[in-house]
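Secondary and tertiary structure notes
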Amino acid sequence: MPDELRLYLKERFGVLGPVSPGRFEAELAKRVGSPAKREPVLKAWRAYLSGGGREAVRSFYQEILKVPKGEALVYGMHLPFLEFYAREVPSRLEGRVLEVGAFTGALVGYLQRKRPELSFSALDGVEEVVELGKKRVPEVAWHVAWAEEAELSPFDTLLLLSVFPEGFVDQELESRLEAPSFWKRFGFFARLPLFVRLLRPGGLLVYGHGPFLGKSPEGVEEGLRHLGFYGVERVGEGEYFLVLARRPEALSEDETAWPLEAGMEEVEEAPVRVPVLAQVDMAEVRALLEAGRYAEVLAHLPEGVEGEAAYLRGRALFALSRYAEAEEVLRRALSQEAEDLRAMVLVELGEYERARPRLEALAGRGGRYRIYLGRVYLSLGRYADALRQFVESGLPEAEGYVREALERITERMRRFAREGEWAEVSRRAEFVEDLAPNLLTREMLRLGLKAALIQGLFARAERYARRLADLDEAEGFLGLALVALRVRSPLEVGPLEDLKPVEPYLTEALARAEIPEALLLLGMLREREGRHPEALRHLERAAERGKGEVAGLAYHHLAQVKRALGRPLKEVLGDHKRAHALRAYPAPYLFQLAQEALEGGEEVLARELLSRARDAGLSQVAEEDLMGLLTLLERLEGPWAAFSVLYQALGRTPKPPLELLALAYRLSRAFRESPEASEVRGQYLAALYAEGRGEEVERLLLQELGADPQALEVLFDLAEHYEAQGNWGKAAEYWQKALEVALYREKDLDLSREVLRNLLFLRPHDESLSLYLEELKAVSRGLEALGESPKAPPETREQLLEEGLPQFHGEHLLVVGGHTQLRSRLVPLLEARGLKVDWFDADTAGVGKEALRRIQNRLEKAHGLMVVSSYVGHDFSEPVRLEAERLGVPVYVIPGRARGATGFLRALKAFAPELFKRALKGVQ
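Owing to the predicted nature of the structure, the values given are computational and were not obtained by experimental measurement.

1. So, the overall build of the protein
- Along the backbone of the protein there are 46 helices and 11 strands.
- Radius of gyration (C-alpha) of the protein: 51 Å, far over the 29 Å computed for a compact globule of 924 residues.
- For the protein, the spread of C-alpha atoms along the principal axes amounts to about 150 × 90 × 55 Å.
- Buried residues in the protein amount to 50% of all 924 residues.
- The long-range share in the protein, meaning contacts at least 24 apart out of those at least 6 apart in sequence, stands at 63%.
- If you sum the accessible surface of the protein, you get close to 43,500 Å²; carbon and sulfur atoms cover 50% of it.
- Distance between charge centroids for the protein: 3 Å, based on 126 positive and 147 negative side chains.

2. Focus on the sheet that holds strand β10 (residues 864-868)
- Overall, parallel pairing links the 4 strands, which are arranged β9-β8-β10-β11 in an open sheet. Strand pairing shows two members of the sheet lacking a second neighbour, β9 (836-840) and β11 (891-894), which therefore form its edges. Averaged over all pairs of adjacent strands, the angle between their axes in this sheet comes to 15°, without regard to strand direction.
- Note: β10 against β11, 4 bridges, orientation parallel. Within β11, the position partnered with Val867 by the bridge is Val893.

3. Let's talk about the pattern of salt bridges
- As enumerated under the stated definition, the model contains 74 salt bridges in all.
- The salt bridge partner of Glu325 is Arg322, with a shortest N-O separation of 2.8 Å.
- What makes Arg322 partly exposed here is its relative accessible area of 31%.
- Arg354 is paired through a salt bridge with Glu327; the nearest N and O atoms lie 3.7 Å apart. Highlighted residues: Arg354 in helix α17 (residues 352-362) and Glu327 in helix α15 (residues 323-331), separated in sequence by 27 residues.
- The partly exposed category is assigned to Arg354, whose relative accessible area is 34%.
- In the salt-bridge network here, residues are joined through shared partners; they are Lys500, Glu503, Arg526, Glu529, Arg531 and Glu534.

4. Quick notes on the packing of aromatic side chains
- Taken as a whole and judged by the stated rule, the model has 30 aromatic pairs.
- Ring centres 5.4 Å apart and planes at 70° place the aromatic pair Phe13 and Tyr75 in the edge-to-face group. Separated by 62 residues along the polypeptide, Phe13 in helix α1 (residues 2-13) and Tyr75 in helix α5 (residues 70-88) bring together distant segments of the chain.
- A relative accessible area of 6% places Tyr75 in the buried class.
- Consider the rings of Phe84 and Tyr85, whose centres lie 6.0 Å apart with planes at 50°: the pair is tilted.
- Judged by its relative accessible area of 2%, Tyr85 is buried.
- Cluster of aromatic residues (ring-pair linked, three or more members): Tyr8, Phe13, Phe24, Trp45, Tyr48, Phe60, Tyr61, Tyr75, Phe103 and Tyr110.
- A cation over an aromatic ring shows up here: Arg191 above the ring of Phe164, its NZ or CZ 4.3 Å from the ring centre.
- The ring of Phe416 has Arg415 sitting right over it, with the charged end atom 4.8 Å from the ring centre.

5. Focus on the nonpolar core
- In this structure, Leu359, Leu387, Val432, Leu499 and Leu646 are the most contacted members of the largest nonpolar core, which totals 184 residues.
- Looking at which element gives the most residues to this core, the answer is helix α39 (residues 728-745), with 9 residues.
- Ignoring any residue separated from it by four or fewer positions in sequence, one finds Leu359 in contact with Ala343, Met344, Val347, Tyr369, Tyr372, Leu373 and Val376.
- By size, the runner-up hydrophobic cluster in this structure holds 93 residues, among which are Val57, Met77, Val140 and Phe241.

6. Describing the environment of Val889
- As for its position among the elements, Val889 is in the loop between α45 (874-887) and β11.
- In the structure, Val889 is positioned 29 residues away from Glu860 in sequence and 8.1 Å away in space, judged by C-alpha atoms.
- Residues within four places of Val889 in sequence aside, it is in contact with Leu859, Ala862, His863, Gly864, Leu865, Ala884 and Arg918.

7. Focus: the side chain of Asp575
- Assignment of secondary structure puts Asp575 in helix α29 (residues 569-582).
- A polar atom in the side chain of Asp575 sits 2.9 Å from the side chain of Arg578.
- Filtering out sequence-adjacent residues up to four positions away, Asp575 remains in contact with Tyr555, Leu558, Ala559 and Lys562.

8. Overview of α17
- Those residues of α17 not exposed but buried are Ala355, Arg356, Pro357, Leu359, Glu360 and Leu362.
- On its buried face, α17 is in contact with α2 (24-31), α3 (35-49), α16 (336-348) and α18 (368-379).

9. Some remarks on helix α40 (residues 749-762)
- With 14 residues, α40 ought to run about 20 Å at 1.5 Å a step, and its terminal C-alpha atoms sit 20 Å apart, in line with that.
- For α40, the tally of buried residues reaches 13 of 14 residues, placing the bulk of the element in the interior.
- With a side-chain oxygen lying 3.2 Å from the backbone nitrogen of Leu751, the N-terminal cap of α40 falls on Asp748.

10. A look at the sheet that holds strand β4 (residues 155-161)
- Strands sit in the order β3-β2-β1-β4-β5-β7-β6 across an open sheet of 7 strands; the sheet is mixed. Each edge of the open sheet carries a strand with a single partner, namely β3 (141-144) and β6 (230-237). Neighbour-to-neighbour, the strand axes of this sheet turn through a mean angle of 20°, independent of strand direction.
- The pairing of strand β1 (residues 96-100) with β4 spans 3 bridges and is parallel. Bridge pairing in β4 links Leu98 to Leu158.
- In the packing of helix α6 (residues 106-114) onto the sheet, the strands contacted are β1, β2 (119-124) and β4, and the crossing angle to β2 comes to about 180°.
- This element, helix α9 (residues 188-196), spans β1, β4 and β5 (199-208) of the sheet and lies at about 140° to β4.

11. A look at the pairing of β5
- Among the 10 residues in β5, 8 count as buried, and that is most of the element.
- One ladder, built from 6 bridges, connects β4 with β5; its direction is parallel. Residue Leu160 lies in a different strand from β5, and its bridge partner there is Tyr207.

12. Observations regarding the environment of Arg823
- Along the chain, Arg823 turns up in helix α43 (residues 820-832).
- Residues Arg823 and Gly307 lie 516 residues apart in sequence; the distance between their C-alpha atoms is 127 Å.
- Residues contacting Arg823, with those up to four places away along its chain left out, are Pro828, Trp839 and Asp841.

13. A closer look at unusual backbone geometry
- Look at Ser321: it is not a glycine, yet its phi comes out positive at around 65°.
- Within the element layout of this structure, Ser321 appears in the loop between α14 (307-319) and α15.
- Using a relative accessible area of 44% as the deciding quantity, one classes Ser321 as partly exposed.
- Of note in this structure, Arg486 is not a glycine but carries a positive phi near 55°.
- Position of Arg486 relative to the elements: it lies in the loop between α24 (474-485) and α25 (503-512).

14. Some remarks on the confidence of the model for the protein
- Taken residue by residue, the protein gives an average pLDDT of 83. The fraction at 70 or more is 93%.
- Taking the mean pLDDT of every element in the protein, the minimum, 40, falls on helix α11 (residues 260-267) and the maximum, 95, on β1.
- Segment residues 260-278: pLDDT under 50, and 17 contacts once partners within four positions in sequence are set aside and those in other chains are kept.

15. Notes on the packing of helix α8 (residues 179-186) against α9
- It is the contact of α8 with α9, at a shortest axis distance of 6 Å, that shows an interaxial angle of 65°. The residues of α9 that touch α8, namely those facing Phe182, Trp183 and Phe186, are Phe188, Phe189 and Arg191.

Conventions and cut-offs
Per chain, residue numbering runs from 1 following the sequence as it is written. Owing to the predicted nature of the model, reporting of local features is limited to residues with pLDDT of at least 70; listing and counting of side-chain atom pairs is limited to 80 or more, with chain, interface and lining totals taken over all residues. With hydrogens and water stripped out, all remaining heavy atoms of the structure feed into the side-chain values. Each helix corresponds to a stretch of at least 4 residues labelled H or I by DSSP, and each strand to a stretch of at least 2 residues labelled E; elements are numbered beginning at the N terminus. Based on C-alpha atoms, the radius of gyration is set beside the globule rule, defined as 2.2 Å times the residue count to the power 0.38. Three exposure classes are used, based on accessible area relative to the maximum for each residue type with a 1.4 Å probe and protein chains only: buried under 20%, partly exposed in between, and exposed over 50%. It only takes one pair of heavy atoms within 4.5 Å for two residues to be counted as in contact. Accessibility throughout is a Shrake-Rupley quantity obtained with a 1.4 Å probe, and a residue counts as covered only by protein chains that appear here. The charge count includes Lys and Arg as positive and Asp and Glu as negative, but it does not include His or the ends of the chains. One atom stands in for each charge, and that atom is NZ of Lys, CZ of Arg, CG of Asp or CD of Glu. For two strands to count as paired, DSSP must find a minimum of two bridges between them. Helix axes are fitted only over the stretch in contact, all axes being lines through C-alpha atoms; the angle between N-to-C directions runs from 0 to 180 degrees. When a carboxyl oxygen of Asp or Glu lies within 4 Å of a side-chain nitrogen of Lys or Arg, that pair is called a salt bridge. Any pair of Phe, Tyr and Trp rings, taking the six-membered ring for Trp, is counted once the centres come within 6.5 Å. Such a pair is stacked with planes under 30 degrees apart, edge-to-face with planes over 60 apart, and tilted for the rest. By definition here, charges over rings are those cases where NZ of Lys or CZ of Arg is within 6 Å of the ring centre and within 35 degrees of the ring normal. We define a nonpolar core as any set of buried Ala, Val, Leu, Ile, Met, Phe, Trp, Tyr and Cys residues linked to one another through side-chain atoms lying within 4.5 Å. Each polar contact in these results corresponds to two N or O atoms within 3.5 Å; when the atoms are within protein, one needs to be able to donate a hydrogen and the other to accept it, and residues that are neighboring in sequence are counted only if both atoms are side-chain atoms. What a helix should span is 1.5 Å times the count of its residues minus one. Think of pLDDT as the predictor's per-residue confidence, scored from 0 to 100.

Following this line, the structure appears as structure tokens:
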């Protein structure tokens, strides 16, 4: 049910959700931005809440309909009660139904949708409301009149839902009332008969009090019974209730049966009647009041008086600061003047929220009303609004409150300054300045100047700075200097010669107070002029007194001045360290300082500065001076630190120069077994091969082998090196050493099998190699006996050679690179396995452009291309690879250090699927 009602209200009346009556003004501000346009609505709203009667109701509804979506705002305040009515009322309706005070028809329209078989009418006394209701709910019959005056034929059901209390409620009313108080407050026995004229005898009356104060379900039930209604029952509890009753043939006319007077005697004490009051000369009382003879006024006007006398007594009590008594007596005065004075009394009692609405309405009169409204705003934390009221009151007694408001605003400016919210600081300074420039205090001017400078608002900053300078404040002269330089702080000062024109401002500032910023700027100027002793004095005081980056910049220039004065290097670098701690240096500058410290013999300082440079990031230093950085790192932190930086630099360099590779190789010798060292050694060897420096490669590998005779990678490199030179005996010797290391030291059966395969290719008729195969078989059997499952070695040498190779079916493979021995031994084996091979080894490929042309011609019919990169130059293999990719031929590049024939066969096994795919596509 609530979802259905909310959807109906949203679609037809634009109601988005509930609105608390306490949020009315805030919600209104969202719809009407201009305070001037909101004022008529707020005035009508306050009159509506203060029990202004029928005219107040009419005025409020007329004004609220002028507001965009104002209709939805009214329904939002009644939404929880509308949901309750929508749940409880439809099933109880009968015959012809009239809703009194239907507003624009949201509820009656919904009831008509739920009970379309019934006849519905709506009654409201505001013409504008009825006109809009006819457009909103045309299916309902509409009537314009106040219920007490309407002349309509009686209905079967009369709905008095959230309408009977309208015009009779105010904000001071209690939420719940006893029955006698309820009857008197709402004129129940005098008004209700005028409503029920519209209900036929036996018809159903449905009463709901709605969101208004002064609820009394018991009072409604008991009152209806006194009037003769029968079948009285209540639905719901607490705030949400309905009272249902049937009208009798004739209402009870025995007023003595209505317990109004007796009941009220129980609830309220009879007011004290002063028989001599009629004899009091009110003119005399007013004269006493004007003369300030308040005690005599109270003697003439005893307690319990009402009307004008109560107002005069309240004024006397207010003047005597007897605020609680004044508030009580002014309540009984029942006049506009008394309510105006009562609002001020409430402020004195600390009841700021109760006083605020009336004082806001009275503020236009100025004077003391503005002072009291300012006090309300001051208590609510609305300091800017409070200051405006105090200033615009124009009374001398407001000066103390003005000072208090300014202090509160200054406190907020301080807090925002601590939090770095300089826009908020600037906004408050600007507000006070716009209100009255002479209100800006010295501290406000200081904070406003700093905020304006930080925001780059130089015109405003100059204005504040001149005000401070006129007040003989040092910050004003400093501000004028910064404004002239068009910088937000000394940290942004460009060329030091720009400081000369503002020197008078700086000297004036320092003549009044030693401000760190002024000391810093003047010290920088003296440094520029070469007056180093003066610069030293100013900068030392700036570093001592300054904070944060200002002190950091002071230490930086102080170090430069000390360097110029020839002070010890340790002292200069110490100031640089302090400067970096407060205002971080870039990594290249820290690196330069570390170099300087090392050259000056300050190794401890150099280590510390290098550590700071590392924290800042050495990548920029490596880009600018890699060799200098590596030298410094090696000396201070050892080879590994230098190698780490160089290794990263090599990773970012596509073609690193041979000098860097040589340096990386030298640094890596201290930890030659690491993966990084092995990778660098391989890059270095490849670069040496590319330069044609084979003898240097051999010498290097032999040195490596001498340092570690059982290094497998070195043995592999030496074997391949001798293969590339055609020294097959030497190559076989190192392959055999590698086999013994792999088999007896490393216990790696798979690697041993690969190395043995290489030996068989190089020495196919050496019967001693069969002993190694037998060793492999014996080790494999031993492992099986221990419960492991090793891969069984081949039984014969021929099976070992062909192990793992797939069976081909005439596929065409083109090979570039390798040496003649490798080609002569492998081609027959591959052709025996069904593979057609065109092999251009390193010797035959050396014939230049003719060989390149022949290779590219063969590519058109090939199913795949393999490049043995360690035996052929990049300038030769790259054109072949590019042509193969253009033709769509699969390419496999075997990297350097492929372990001879074994490496080639392993690569061919991995490449075989690509050959088969190409062949299956039908390429000839």
